[in-house]
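# Close look at the chain arrangement
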Amino acid sequence: MDRRSFFRKAGSAGAAAATASVLAAPAIAQSMPKVSWRLTSAYPKSLDTLFGISTDVSKRVSELTDGNFTIQPFAAGEIVPALQATDAVTAGTVECSHTLSSFSIGKDPTFAFDTSLPFGLNTRQHISWLYYGGGRELVNEFMKDYNIHAIPSGNTGAQMGGWYRKEIKSLEDLKGLKMRIAGLGGTILSRLGVVPQVIGGGDIYPSLERGTIDAAEFSGPYDDEKLGLQKVAPFYYYPGWWEGTANVMLAVNLDKWNELPKPYQAALEVAGSEAMSHCLAKYDANNPDALYRLVGSGAQLRPFPQDVLKAALEESRKLYAEYAASNPKFKKFYDNWLPYSQKQGVWARVAEIPFDTFASSQAQAQQPAK
């Protein structure tokens, strides 16, 4: 082969390789496009765990997509008020939000299933229902009407029963009580004489301080301490029967979700799952110490009277039956959720509850004397 023939062939091969490279580049670029979203949270930055899931999801999504998919989180009030986060996603004002679906029960009580039902599943059971009991499928079928794709992305675990300016000694003491409470818990309490108020987290303290409300529930000791509620309402009740769990939804605008490349959708799912685990772990780590501090600073810990719990339980069952009879969407959820809940209750009574009861009692007995 002469030199000129060699260089002609080499040049042709090089040109072919260059052409292939040029053709391949757009395909790669298209699979990892630059995408920038905004996320509005229903929570203020002072609640580092609930607002923290927004920063955690944003950071993780960026890491998983080599910085090509970025999400900027905003606290409640920076773009829209806390209780309008879901509406902002539906309208496309923002691409996504962190919020409780139960804030939207005024539109349809079916929203509550995504968050939790009073006297319903505990945290592990609820996560199990979402992922393995058909819950997520039902939620996202329902959310299509609101142009939302929902991803579980945080959880508080079982909550406390809230702060009260006066002691609750019986069911009678609830009559006329003005209380900040969201979700179906407020609906049930209204049947017991309470006047429920839906107020964003950042507005609870001044409302209690001014006497606009008489009581307020928010979350658990770690978050409640940050809000300073013990300073204006000394009686701290348990259990928070209206939220034995509280799933935080990453609400994604459905049109924007469908536009995302599959790897970016997977990144959001992974980031949401990780945020769920870390959110629960952080609350479990911090709630005990916060409870000790609250009691040490004067908070008066009280269990709800039995007549309050029994009346609330009875009203909750009546309410669900009424909704199921009049609301086909609620009924579809309830027909799935109720038998799943009953099965989970059997297993809990066999293994989980006896273990927890015995182990916690022994741990308490083994504490060194002070």
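Analysis parameters
- Residues numbered from 1 in each chain as written.
- Predicted model: local features only at pLDDT ≥ 70, side-chain atom pairs only at ≥ 80, totals over all residues.
- Heavy atoms only, no water.
- UniProt positions renumbered as here; feature names shortened; annotations may be inferred.
- Helix = DSSP H or I, 4+ residues; strand = E, 2+ residues; numbered from the N terminus.
- Contact = heavy atoms within 4.5 Å.
- Polar contact = N/O pair within 3.5 Å; in protein donor to acceptor, adjacent residues only side chain to side chain.
- Core = buried A, V, L, I, M, F, W, Y, C linked by side-chain atoms within 4.5 Å.
- Buried < 20%, exposed > 50% of the residue type's maximum accessible area, 1.4 Å probe, protein only.
- Pairing = 2+ DSSP bridges.
- Axes fitted to C-alpha atoms, helices over the stretch in contact; angles between N-to-C directions.
- Salt bridge = Lys/Arg side-chain N within 4 Å of Asp/Glu carboxyl O.

### Quick word on the UniProt feature "binding site: substrate" (unreviewed entry) in the chain
Mapped onto this numbering, the UniProt entry gives "binding site: substrate" (unreviewed entry) at Gln159, Arg180, Glu217 and Glu243. In this structure, Arg180 sits in strand S6 (residues 178-180). Residues within four places of Arg180 in sequence aside, it is in contact with Phe103, Gln197, Ile199, Ile204, Ile213, Ala215, Ala216, Glu217 and Phe218. A polar side-chain atom of Arg180 sits 2.8 Å from the main-chain carbonyl oxygen of Ile199. As for its position among the elements, Glu243 is in the loop between strand S9 (235-238) and strand S10 (247-253). The residues touching Glu243, leaving out its near neighbours within four places in the chain, are Leu100, Ser102, Thr115, Ser116, Gly157, Ala158, Gln159, Glu217 and Phe218.

### A look at the nonpolar core
The tendency in soluble globular proteins is for nonpolar side chains to be buried as a group. Of all hydrophobic cores here, the largest spans 51 residues; its most connected members are Trp129, Tyr164, Met179 and Leu189. Among the elements that take part in this core, helix H12 (residues 306-326) stands out by supplying 8 residues, more than any other. Setting aside its immediate chain neighbours within four residues, Trp129 contacts Phe113, Leu121, Gly134, Gly135, Leu138, Phe333, Asn336, Trp337 and Tyr340. Among the nonpolar cores identified, the runner-up in size contains 46 residues, and Val57, Phe103, Met160 and Ala275 belong to it.

### Notes on the sheet that holds S10
Taken together, the 5 strands give an open sheet; going across it, the order is S2-S1-S3-S10-S4, and neighbouring strands pair in mixed fashion. Among the strands making up the open sheet, the edge pair consists of strand S2 (69-74) and strand S4 (148-155). Pairs of neighbouring strands in the sheet enclose a mean axial angle of 25°, with direction left out of account. Relative to S2, strand S1 (residues 35-41) is paired through 6 bridges, and the arrangement is parallel.

### Points about the pattern of salt bridges
One pass over the structure, following the stated rule, counts 22 salt bridges. Across the pair Glu78 and Lys45 runs a salt bridge, and its minimum N-O distance is 3.5 Å. Separated by 33 residues along the polypeptide, Glu78 in the loop between S2 and helix H3 (85-91) and Lys45 in the loop between S1 and helix H2 (52-64) bring together distant segments of the chain. Judged by its relative accessible area of 51%, Lys45 is exposed. The closest approach of N and O atoms between Arg191 and Glu322, which form a salt bridge, is 2.5 Å. In this pair, Arg191 sits in the loop between helix H7 (184-190) and strand S7 (195-197) while Glu322 sits in helix H12, placing the two residues 131 residues apart along the sequence. Relative accessible area serves as the criterion here: at 40%, Glu322 is assigned to the partly exposed category. Taken together, the salt bridges that share partners define one network made up of Arg191, Glu314, Glu315, Lys318 and Glu322.

### Overview of the side chain of Asn155
With respect to the secondary-structure elements, Asn155 resides in strand S4. A polar contact is formed between the side chain of Asn155 and the backbone nitrogen of Gly157, at a distance of 2.8 Å. In this structure the side chain of Asn155 is engaged in a polar contact, spanning 3.0 Å, whose partner is the side chain of Thr245. Here Asn155 is in contact with Thr123, Thr245, Ala246, Asn247, Val248, Met276, Cys279, Leu280 and Tyr283, once residues within four sequence places are set aside.

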